[in-house]
Amino acid sequence: MTVAAPVRVDTPIFGGDARERLTDVAQAALAEARAQGCSAAEAGAHLSQGLSVTVRLGDVETLEQTRDKGLSVAVYFGTRNGSASTTDLSPAAVRETVRAACTIARYTAEDDCAGLADPDKLARDIPQLDLLHPWNLGADRAIELARDCEAAALDLDARIRNSEGGSVSTYEGVEVYTNTHGFVGTLAGTRHNVSASVIAQDQSGMQRDYWFTVSRRPDALEAPAAVGVRAAERALARLGARKLSTRRAPVIYEAQIATSLLSHFIGAIRGESLYRGASFLIDHLGKSIFPSFVRIHEQPHLPGALGSAPFDNEGVATAARDIVRDGVLQGYVLDSYSARKLKMQTTGNAGGVHNLAIDTGNLGLDELLKLMGTGLLVTELIGFGVNTVTGDYSRGAAGFWVENGAIVHPVEEITIAGNLRDLYRGIAAVGNDVELRGNVRTGSILIDNITIAGS
Amino acid sequence: MDTSKDLVKQARRSLLEPAGLGENDLARLMDRLLSGQVDYADIYFQHSRHESWSLEEGQVKSGAHSIECGAGVRAVAGEKSGFAYSDDIVLPALLEAAGAARAIAVQGESATAPIRWRAGEARRLYQVADPVASIPDQEKVAVLERIEREARAQDPRVKQVMASLAAVHEVILVARSDGTLAGDVRPLVRVNVTVIAESNGRREVGTGGGGGRFTYRELLAGDTVLGFAREAVRQALVNLEAVDAPAGDMQVVLGPGWPGILLHEAIGHGLEGDFNRKGTSAFAGRLGQNVASAEVTVVDDGTLQDRRGSLNVDDEGTPTNRTVLIENGVLVGYMQDLLNARLMGVAPTGNGRRESYAHLPMPRMTNTYMLAGKHDPKEIIASVDKGLYAVNFGGGQVDITSGKFVFSASEAYLIEKGKVTRPVKGATLIGNGPDVLTRVSMVGDDLALDSGVGTCGKEGQSVPVGVGQPTLKIDRLTVGGTQT
């Protein structure tokens, strides 16, 4: 990994004054809620700013400045609630927004489970998680980096004939959450991204692929040229793709899409899915779902990580925990409301999980291919054919057919299908090629058997 | 046109007058945008108000209200677009955004004549009304409770009913560098019902819903809404009986209406002007070629009265059109916004759309559908010896470069010896856009449009759309089931 930009300390766009202003706005919303007779209320306010450029075939295609702000409030009259949001933070708009939420709460039903998080669950000490690394990247420099990224792809091979462009973006945001239990939490963070999407073409047709690097730190990004080269290599590798005949075979999900298997799992153990009976994993606490070597855990306090957060969307303290140990489900993914519905305790997951990770084995992707022998390496999935209620799974796929541990040819226009229960039980190995560019961390995953539909 | 002037007047009243902005201010903003070598510029003002109410476990437990308001400013020079926005409609913030947007332009002499503002043409496809305020809040709650009772009354196996009502009231104003002012006031309402039925420990889901560009009054008139509840229950009960879906290539018959998502994914996105201008679509350079069987004619029509995908003007102020995409099997048209139409040397088609003021416009679909053919749907099913009959779908997706697309059936049946037999579990169907329609061998006479709940996502931007088609038979398509 090389350094994309000189290491330096850039100044945040949003300083202490921005945090104070947001806190004031959120507090004003709570004050208005009290004035309206609410028994409890919560408010979140945010500010963000960013720059995004795309260079296509060497020329600037888009240059976008983004700047957003907003306020969202939830009010409670006893156990009835309403919520509202606005992009206008003026005092008049704040009052109107709170009143709109109050109006809604007049008509919603009594709901014993509604309300703020319990006071004893709220974060007391807020750890510094190293999430703010501003990059005062001017438009000219951003264009230069995007151009370098795309040029590296276009220069790699004559068959890279077209491009959707190289892109660079940077984002900084600050948010404040406060509620009438007296909690006030502030979070500021950055996110920077370099990506390329290019098209390879030969007599067999066109294939597009992309690559990207993302980090909270500009100095932790992959070099733009390396991103471009990777995008071009991936597009080239897909040329000449063909269908497979319908069959059953083992499958490897490449790390960057293996994350989807874990996301579907989280979707099925979320409180909302469980109390509604809308999950194939209801009543699975303490039961075996994966093979015994599987451990899945979340690490909300990893310094500098994309999914890190000291508290969740309700101010509840987050904490590291195992969700699956020895293949057995240890806990659900709950916010206060769903926890009360299930007569459990919140797990600090209002808004989702934080840095979910599965323990990896010792094998790299090449060794996983050898372990599989003959089967399918899936590198792209399309479509939405996942049913959380039943676990039924059927998605469009592209990738490579593998024989004796070696790639034979690229494949496309096939589907892979099964039931998530069987896919989870069928995990044979997790590679050490860990995907770090998101909130879900996994290596490539080998599954013993799946149905491939093709010609 | 008087009507378009009315829309502009309304939009000015909602968007400019509260901020104290007049025509001179627009001209000043435009001057700022046009300094340097800028070919085109526009300012898009938007105020949208959104509300939703949702029911679960027999009670309306939550509701939400949101307001989005702001303006996006864009400067275009050649293929370059500079863009910035402000969520405060006040002159200093807009001038700052204009300064940021024109940064893409090469500095140089700008040759701008003083702008004379005039109202552009617009259609009048829906009422100018605020759906949020169209009925009292207690009625919204009562409707959801009625839907719940209707669903539960259908069958004791119904275990969970979730229903939601949503409305959007959006006012937009586009000010273009050619002096055109275009306004629109857009109502949009929607109801969704999801049912979970349980039998012998097995749970299955069914969905129903509908909506369009009107108010709650029209949505709730008659029995339609309760019909969505019954439809959701029917689907869930069918799925309780479903066996594993087959895997592999076979004949597929698609039902009328929402299965038109086939067209949206297989050809619609591939015919959007941006991908064709750039040559990244599998359809690029194929105008005039056969891409479907002779029975197939497909249009994108933003001019349908009251439909979810319809617009009086698109988000660049161009009146919407009925654009023929495929005529008797021949590719005849692409969907265009201003930028791509200009770069390709063709006329804009009224397909320039954006999610909000905070997003750049691009070519998008409106209501995309296939015209009716001559076959009785019964005749189509009777012609299939062994195949799949798919009548309801979830979402779909396409890779426009390779042309491969998917759409996922949520209600499907086997066809055996010309008869619809057992229901099968949901499965994803996959095909190749440029040739799938060449294998359409029979087109039904039963054209139907969807019920009005579709949303299309492209490059992170969501817009409401419609689809439709008659019953049709595809001679070979890959069905992604598990039974080999």
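Keep in mind that what you see is a predicted model, and the values were worked out from it rather than measured.

### Some thoughts on the overall build of chain A
- Scanning chain A from N- to C-terminus turns up nine helices and 17 strands.
- Relative to its length of 455 residues, chain A is compact, with a C-alpha radius of gyration of 24 Å against a globular reference of 23 Å.
- Along the longest, intermediate and shortest principal axes, the C-alpha atoms of chain A span 70 × 55 × 35 Å.
- Partitioning the contacts of chain A with sequence separation of at least 6, the portion at a separation of at least 24 is 72%.
- Of the roughly 17100 Å² of accessible surface on chain A, 48% is carried by carbon and sulfur atoms.
- Within chain A, the 54 negative side-chain charges are centred at a point lying 4 Å from the centre of the 43 positive side-chain charges.

### Some details on the pattern of salt bridges
- Within the structure shown, the criterion is met by 61 salt bridges over all chains.
- Among the ionic pairs, E61 of chain A bridges to R277 of chain B, the shortest N-O distance being 3.8 Å. Of this pair, E61 of chain A sits in strand β2 (residues 59-77) while R277 of chain B sits in helix α8 (residues 273-278), each in a different chain.
- Relative accessible area serves as the criterion here: at 10%, E61 of chain A is assigned to the buried category.
- Between D422 of chain A and R425 of chain A there is a salt bridge, with the nearest N and O atoms lying 3.2 Å from each other.

### Some points on the side chain of S86 of chain B
- Structurally, S86 of chain B can be placed in strand β3 (residues 80-86).
- Here S86 of chain B is in contact with G70, A71, A93, L94 and Y357 of chain B, once residues within four sequence places are set aside.

### Looking at the confidence of the model for chain A
- Confidence along chain A averages 96 in pLDDT terms, with 98% of residues attaining 70 or more.
- With pLDDT under 50 throughout, residues 1-7 of chain A is counted as low confidence; its partners more than four residues away or in other chains account for 14 contacts.

### A short note on the domain arrangement of chain A
Residue and element names in this part refer to chain A.
- Assigned domains of chain A: these are domain 1 (18-235) and domain 2 (241-455).
- If you average the C-alpha positions of domain 1 and of domain 2, the two centres end up 25 Å apart.
- Taken together, the 31 residues of domain 1 in the interface contact 28 residues of domain 2.
- A combined buried area of about 2500 Å² lies between domain 1 and domain 2, and 55% of that area is made up of carbon and sulfur atoms.
- Broken down residue by residue, the surface that domain 1 buries against domain 2 is led by C113, K121 and L129, which jointly contribute 25%.
- For the pair domain 1 and domain 2, the interface holds two salt bridges.
- Taken together, the connections running from domain 1 to domain 2 amount to 15 residue pairs in polar contact (both at pLDDT 80 or more).
- When residues of the side of domain 1 that touches domain 2 are traced back to their parent elements, those giving at least two are β4 (160-179), β5 (184-202) and β6 (205-215).
- When residues of the side of domain 1 that touches domain 2 are assigned to their parent elements, the largest contribution, seven residues, is made by β6.
- For the side of domain 1 that touches domain 2, the residue count by class is 17 nonpolar, seven polar and seven charged.

### Examining the packing of aromatic side chains
- By the definition in use, this model includes 13 aromatic pairs over all chains.
- With centroids separated by 5.3 Å and ring planes inclined at 75°, the aromatic side chains of F183 of chain A and F311 of chain A adopt a geometry described as edge-to-face. Here F311 of chain A lies in the loop between β8 (296-298) and β9 (321-325) and F183 of chain A lies in the loop between β4 and β5, a separation of 128 residues in the sequence.
- Relative accessible area serves as the criterion here: at 6%, F183 of chain A is assigned to the buried category.
- With 6.4 Å between their ring centres and 35° between their planes, Y389 of chain B and Y413 of chain B make a pair best called tilted.

### A short note on the sheet that holds strand β14 (residues 367-370) of chain B
All names here are of chain B.
- Taking strand neighbours across the sheet as the criterion, the six strands line up as β11-β10-β9-β14-β23-β20 in an open arrangement whose pairing is mixed. The strands lining the two open edges of the sheet, one partner per strand, are β11 (330-331) and β20 (448-449).
- Bridge count between β14 and strand β23 (residues 466-469): three bridges; the pairing is parallel. Considered in β23, the bridge of Y369 is made with G468.
- The sheet strands contacting helix α7 (residues 261-268) are β9 (298-301), β10 (322-327), β14 and β23, and the helix crosses β23 at an angle near 105°.

### Remarks on the interface of chain A and chain B
- Across the boundary between the two partners, chain A contributes 70 residues, which contact 70 residues of chain B.
- Together chain A and chain B conceal approximately 5500 Å² of surface at their shared face, both sides included; 51% is due to carbon and sulfur atoms.
- The interface formed by chain A and chain B holds 38 residue pairs in polar contact (both at pLDDT 80 or more) in total.
- Of the residues belonging to the side of chain A that touches chain B, the class tally is 21 nonpolar, 28 polar and 21 charged.
- Here strand β3 (residues 80-86) of chain A runs beside strand β2 (residues 59-77) of chain B; their pairing, made up of four bridges, is parallel.

### Remarks on the sheet that holds β8 of chain A
All names here are of chain A.
- Strands sit in the order β10-β9-β8-β11-β16 across an open sheet of five strands; the sheet is mixed. The sheet is open, and its two borders are formed by β10 (328-329) and β16 (440-441), each paired with just one other strand.
- Where β8 lies against strand β11 (residues 356-358), three bridges are found, and the strand directions are antiparallel. Each residue of the ladder has a partner; that of E298, found in β11, is L356.

### A word on unusual backbone geometry
- Positive phi, normally seen in glycine, also occurs at D130 of chain A, with a value near 60°.
- Inspection of the secondary structure assignment puts D130 of chain A in the loop between α2 (91-107) and α3 (139-156).
- Looking at D130 of chain A, the relative accessible area reads 37%, which means it is partly exposed.
- In this structure, E459 of chain B is a non-glycine residue whose phi angle is positive, near 50°.
- Turning to its location among the elements, E459 of chain B is positioned in the loop between β21 (455-458) and β22 (461-464).

### Here's the deal with the confidence of the model for chain B
- For chain B, per-residue confidence averages 95 on the pLDDT scale, and 98% of positions sit at 70 or higher.
- Scored as a complex, the prediction yields pTM 0.96 and ipTM 0.94.

### What to know about the packing of α3 of chain A against helix α4 (residues 224-237) of chain A
Residues and elements named next belong to chain A.
- Running from amino to carboxyl end, α3 crosses α4 at an angle of 35°, the nearest separation of the two axes being 7 Å. Between α3 and α4 lies a crossing whose hand is right-handed. Contact with α3, carried on its side by L145, D148, C149, A152, A153 and L156, involves P224, A225, V227, G228, V229, A232, E233 and L236 of α4 and no other residues of that element.
- Looking at the contact of α3 with α4 residue by residue, the classes come out as eleven nonpolar, one polar and two charged.

### Notes on the pairing of β14 of chain B
All names here are of chain B.
- Side-chain alternation along β14 places N367 and Y369 on one buried face and T368 and M370 on a second face that is also buried.
- Judged from the three bridges that link them, β9 and β14 form a sheet pairing that is antiparallel. Residue pairing across strands places V299 opposite Y369, the latter belonging to β14.

### Section: the side chain of N392 of chain B
Residues and elements named next belong to chain B.
- For N392, the position within the fold is in strand β15 (residues 386-398).
- At 2.7 Å, the side chain of N392 forms a polar contact with the side chain of E411.
- Contact partners of N392, with chain neighbours within four places excluded, come to E231, R234, Q235, S408, A409, S410 and E411.

### Looking at helix α6 (residues 224-240) of chain B
- Taking 1.5 Å per residue as the helical rise, α6 of chain B with its 17 residues ought to reach 24 Å, and the 25 Å between its terminal C-alpha atoms agrees with that figure.
- With respect to burial, α6 of chain B is a largely interior element, twelve of its 17 residues being buried.

### Brief notes about the state of the cysteines
- In this structure the tally under the stated criterion is zero disulfides over all chains.
- The thiol of C102 of chain A is not disulfide-bonded; the next cysteine sulfur, from C38 of chain A, is found 3.7 Å away.

Thresholds, definitions, all that
- Residues numbered from 1 in each chain as written.
- Chains lettered and ligands numbered in written order.
- Predicted model: local features only at pLDDT ≥ 70, side-chain atom pairs only at ≥ 80, totals over all residues.
- Heavy atoms only, no water.
- Helix = DSSP H or I, 4+ residues; strand = E, 2+ residues; numbered from the N terminus.
- Rg over C-alpha atoms; globule rule 2.2 N^0.38 Å.
- Contact = heavy atoms within 4.5 Å.
- Areas by Shrake-Rupley, 256 points an atom, 1.4 Å probe, with all protein chains shown as cover.
- Lys, Arg positive; Asp, Glu negative; His and termini not counted.
- Charge placed at Lys NZ, Arg CZ, Asp CG, Glu CD.
- Salt bridge = Lys/Arg side-chain N within 4 Å of Asp/Glu carboxyl O.
- Buried < 20%, exposed > 50% of the residue type's maximum accessible area, 1.4 Å probe, protein only.
- pLDDT = per-residue confidence, 0-100.
- Domains from an automatic or database assignment.
- Buried area = accessible area lost by both parts, 1.4 Å probe.
- Polar contact = N/O pair within 3.5 Å; in protein donor to acceptor, adjacent residues only side chain to side chain.
- Nonpolar A, V, L, I, M, F, W, Y, C, P; charged D, E, K, R; others polar.
- Phe/Tyr/Trp six-rings, centres within 6.5 Å; stacked < 30°, edge-to-face > 60°.
- Pairing = 2+ DSSP bridges.
- Axes fitted to C-alpha atoms, helices over the stretch in contact; angles between N-to-C directions.
- Left-handed = near helix turned anticlockwise from the far one by under 90°.
- Expected span 1.5 Å × (residues − 1).
- Disulfide = S-S within 2.5 Å.

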